[in-house]
Amino acid sequence: MTTLQITKHRRTMLCACLMWILQTNVIHAEQVTPGYNHKIPDKIMTPDKVETRIGTLEFIDGMPSSETVKTVYDNLDLMRGVETFLNGIPATSIEGLRLGAIDMGADASNKVIIMDKLLDSSPLFLTGNTDTVYCMAFLDLRKDGATVVEIPPGSGPGTVDDAYFRFVTDMGLPGPDRGKGGKYLILSPDYEGELEPPVGGMEAEINGENYYVSQSTSYVNFLILRGFLVDGRPDVATTLFENGVKIYPLAKSDNPPAMEFISGSAKNWNTIHANNFEFYEELHTVIEREPVSMLEPELRGLFASVGIQKGKPFNPDARMKQILTEAVAIGNATARAIVFRPRLEGFAYYPNSAWGTGFVGGDYRWLKDGGQGGRNMDARTLFFYQATVNTPAMVLKMIGKGSQYAIATADKNGEYLEGKNTYRLNIPANVPAKDFWSVVIYDPQTRSELQTGQPFPSKNNKRDALVENADGSVDLYFAPQIPEGKEANWIETVPGKGWYPILRLYGPLEAWFDKSWRPGEIELVR
């Protein structure tokens, strides 16, 4: 290669390098985000203006304007107020029951409320049944220490739940005594002795006596026992409880206080938590009374974010009180949507049916997919906004024992049930219930028994003389007036009010669990 050729080649290479450098700089200049040395990913940037459902949010180079700061903090407090309502329902539901018991005079653990004439529609009690004798008491482990509960042989299902409606132990048929009766000992959360009972309890000998021992996470505990009817009457179960139930501090075993049984039947008293600002005050009462260890840090932090913390007064300023008043209204509406228009996977018992379960997920701890999906909080709300008592026995498959439930909040066409209309529900023959079945209807406002001219808004195949169809099935009618010729199978409704039913099977059999038997849908007659 000549000298001239080499020079030309070098000039060509130099020009190419210059062009590459120029192009690279142009491309780099095009990619650099204004104000930066490099291109910044759009996904990490915040625009100066963002349109949202809470309004227009404005930013100055990513820093929120004063108006936006106020808006988002108000929204944050509102969201946490709503979540406090939804997550606080188990605690305030127990508190509502406790306050109702005190109003009835049951202010100590030896004072027991008994539905000696069954639970009629006068008391406000979340979806209680008209079919069993309820016997209810509150334990105060902070005041009394370790507490003994004696139950007689023949007791139906019984349960102790803590102050957040978590399971402590079963008694009676599903309990460790298996219906034979016995002595139960409930230890306080402060107990630090040698006994280390698991959830559900264990047997132990104490001072020469055999006990079924459990330890609660809270001071206040709710005890409820159920007794079955005999020949359709509550007398036998009432006598069984009044003669056989005893509750006393372990320290007073040698001289226990006398029992007092207070009738709760046919009396107007309330056991339901508030749906307005008072809800937060009820929750604060629980948090202030119970040990810090009762709740996990996540829940404690949520409640504290709206001013509900143990050891501190709950005294929100005017701004926060206004926000919480709105939050409880939204939370209440949300709970009602979850209950009356459930979207939860696993709610429906059957395809294209209004019948569903109140215990979605089949786990008394409300764990989804065995815990892989964490806590199913909507399932917990679905249950506790309309029901009480938490026990594994309600979800276990126990052939011929315990009870099973189905809830419907709509008719065959998906419409709410209206008290002015007439509806028919067919209960097919051979209901898979060893003991009996019943249908009770409830008021959607109070989630308690619907108050009508009938003190017991229900039908029970053992208590009531129901007229059967030729095929052995039973048609129940729901209407404000008696449909002609249907009085025996009629449950009264109220014009201007809604209603919804719960079907109960006592001693459910295999055909219930395998779904080879299913109830009819509620059909509009006129």
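A few points on the structure.

Criteria and cut-off values
Residues numbered from 1 in each chain as written. Predicted model: local features only at pLDDT ≥ 70, side-chain atom pairs only at ≥ 80, totals over all residues. Heavy atoms only, no water. Helix = DSSP H or I, 4+ residues; strand = E, 2+ residues; numbered from the N terminus. Rg over C-alpha atoms; globule rule 2.2 N^0.38 Å. Contact = heavy atoms within 4.5 Å. Pairing = 2+ DSSP bridges. Axes fitted to C-alpha atoms, helices over the stretch in contact; angles between N-to-C directions. Core = buried A, V, L, I, M, F, W, Y, C linked by side-chain atoms within 4.5 Å. Buried < 20%, exposed > 50% of the residue type's maximum accessible area, 1.4 Å probe, protein only. Phe/Tyr/Trp six-rings, centres within 6.5 Å; stacked < 30°, edge-to-face > 60°. Lys NZ or Arg CZ within 6 Å of the ring centre and 35° of its normal. Salt bridge = Lys/Arg side-chain N within 4 Å of Asp/Glu carboxyl O. Polar contact = N/O pair within 3.5 Å; in protein donor to acceptor, adjacent residues only side chain to side chain. Patch = residues over 30% accessible without salt bridge, like charges linked within 9 Å, V, L, I, M, F, W, Y side chains within 5 Å. Areas by Shrake-Rupley, 256 points an atom, 1.4 Å probe, with all protein chains shown as cover. Expected span 1.5 Å × (residues − 1).

Details of the overall build of the protein
Scanning the protein from terminus to terminus reveals nine helices and 22 strands. Here the protein has a C-alpha radius of gyration of 31 Å; the compact-globule value for 526 residues is 24 Å, and the former is much larger. Dimensions along the principal axes, computed over C-alpha positions, put the protein at roughly 120 × 60 × 55 Å. Within the protein, contacts between residues separated by at least 24 positions form 73% of all contacts whose residues are at least 6 apart in sequence.

A few points about the sheet that holds strand β21 (residues 500-508)
Here we have four strands laid out as an open sheet, ordered β15-β21-β17-β18, and antiparallel in their pairing. Two strands close off the open sheet at either side, each with one partner strand: β15 (403-407) and β18 (458-460). Adjacent strand axes in the sheet meet at a mean angle of 15 degrees, parallel and antiparallel pairs treated alike. The pairing of strand β17 (residues 433-442) with β18 spans three bridges and is classified as antiparallel. Across the sheet, the residue bridging to Val 439 is Lys 459, located in β18.

Focus on the sheet that holds strand β1 (residues 49-52)
Strand order in the open sheet formed by three strands is β1-β2-β3, and the pairing between neighbours is antiparallel. Bordering the open sheet on either side are β1 and β3 (63-64), each of which pairs with just one other strand. Note that strand β2 (residues 55-60) and β3 share two bridges and pair antiparallel. Bridge pairing in β3 places Phe 59 opposite Pro 64. Its contacts with the sheet put helix α2 (residues 66-103) on β2 and β3, and the angle it makes with β2 is roughly 130 degrees.

Let's talk about the nonpolar core
Ranked by internal contacts, the top residues of the largest apolar core, which has 69 residues, are Phe 85, Met 136, Phe 222, Phe 279, Tyr 280, Phe 303 and Ile 308. The residues touching Phe 279, leaving out its near neighbours within four places in the chain, are Thr 84, Phe 85, Gly 88, Ile 89, Thr 92, His 273, Ala 274 and Val 328. Residues Trp 355, Ile 491, Leu 505 and Trp 517 belong to the second largest nonpolar core, which totals 28 residues.

Notes on the pairing of strand β6 (residues 147-151)
In terms of burial, β6 is largely enclosed, as five of its five residues are buried. Of the two faces of β6, the one lined by Thr 147, Val 149 and Ile 151 and the one lined by Val 148 and Glu 150 are each fully buried. For β6 and strand β9 (residues 182-187), the ladder comprises five bridges, and the chain directions are antiparallel. Each residue of the ladder has a partner; that of Glu 150, found in β9, is Lys 183.

What to know about the packing of aromatic side chains
Taken as a whole and judged by the stated rule, the model has 24 aromatic pairs. Each ring, one from Phe 85 and one from Phe 279, has its centre 4.5 Å from the other, and the planes form 45 degrees; the classification is tilted. Of this pair, Phe 85 sits in helix α2 while Phe 279 sits in helix α5 (residues 278-289), and the two are 194 residues apart along the sequence. The same class applies to Phe 85 and to Phe 279, which are both buried. A ring pair is formed by Tyr 349 and Tyr 350, whose centres lie 5.9 Å apart and whose planes are at 40 degrees; its orientation type is tilted. One exposure class covers both Tyr 349 and Tyr 350, and it is buried. By way of ring pairs, the aromatic residues Phe 138, Phe 165, Phe 222, Phe 359, Trp 366, Phe 383 and Phe 384 are connected into one cluster. We note Lys 321 situated over the ring of Phe 277; from NZ or CZ to the ring centre the distance is 5.0 Å. We note Arg 447 situated over the ring of Tyr 385; from NZ or CZ to the ring centre the distance is 3.9 Å.

What about the pairing of β1?
Of the strand pairs in this sheet, β1 and β2 are connected by four bridges, and their pairing is antiparallel. Bridge pairing links Glu 51 to Thr 56 in β2. Between β1 and β2, which pair antiparallel one after the other, the connecting turn spans two residues.

Considering the pattern of salt bridges
Should their charged atoms come close, side chains of opposite charge can pair. Applying the stated criterion to the full structure yields 23 salt bridges. Two residues, Arg 319 and Asp 74, come together in a salt bridge whose shortest N-O distance is 2.9 Å. Remark: Asp 74 occurs in helix α2 and Arg 319 occurs in helix α7 (residues 318-340); sequence separation between them is 245 residues. On the basis of relative accessibility, which here comes to 36%, the residue Arg 319 falls in the partly exposed class.

Side note on the environment of Thr 159
Considering the arrangement of structural elements, one finds Thr 159 in strand β7 (residues 158-161). What makes Thr 159 buried here is its relative accessible area of 3%. Along the chain, Thr 159 and Ile 407 lie 248 residues apart, while their C-alpha atoms are 22 Å from each other. Contacts of Thr 159, omitting those with residues within four sequence positions, involve Phe 167, Thr 169, Asp 170, Met 171, Phe 222, Leu 223, Ile 224, Val 389, Asn 390 and Thr 391. In this structure the side chain of Thr 159 is engaged in a polar contact, spanning 3.0 Å, whose partner is the side chain of Asp 170.

What about the side chain of Asp 116?
Topologically, Asp 116 is positioned in the loop between β4 (111-114) and β5 (132-140). With a relative accessible area of 18%, Asp 116 lands in the buried category. Contact partners of Asp 116, with chain neighbours within four places excluded, come to Pro 234, Thr 238, Ser 263 and Ser 265.

A closer look at a nonpolar patch on the surface
On the surface, Tyr 36, Ile 44 and Met 45 cluster together into a nonpolar patch covering about 290 Å² of accessible area. Tracing the chain through its elements places Met 45 in the loop between α1 (3-31) and β1. For Met 45, a relative accessible area of 34% gives the class partly exposed.

Details of α7
Residue pairs spaced three or four apart in an α-helix point in one direction, given the helix's 3.6 residues per turn. For α7, with 23 residues, the first-to-last C-alpha span of 33 Å sits near the 33 Å given by 1.5 Å per residue. In this structure, the buried side of α7 is in contact with α2, α5, α8 (377-384) and β21.

Observations regarding unusual backbone geometry
Here the phi dihedral of Asn 207 falls at roughly 55 degrees; this positive angle occurs in a residue that is not glycine. Tracing the chain through its elements places Asn 207 in the loop between β10 (202-206) and β11 (209-215). The phi torsion at Asp 369 lies on the positive side, around 50 degrees, for a residue other than glycine. Inspection of the secondary structure assignment puts Asp 369 in the loop between α7 and α8.

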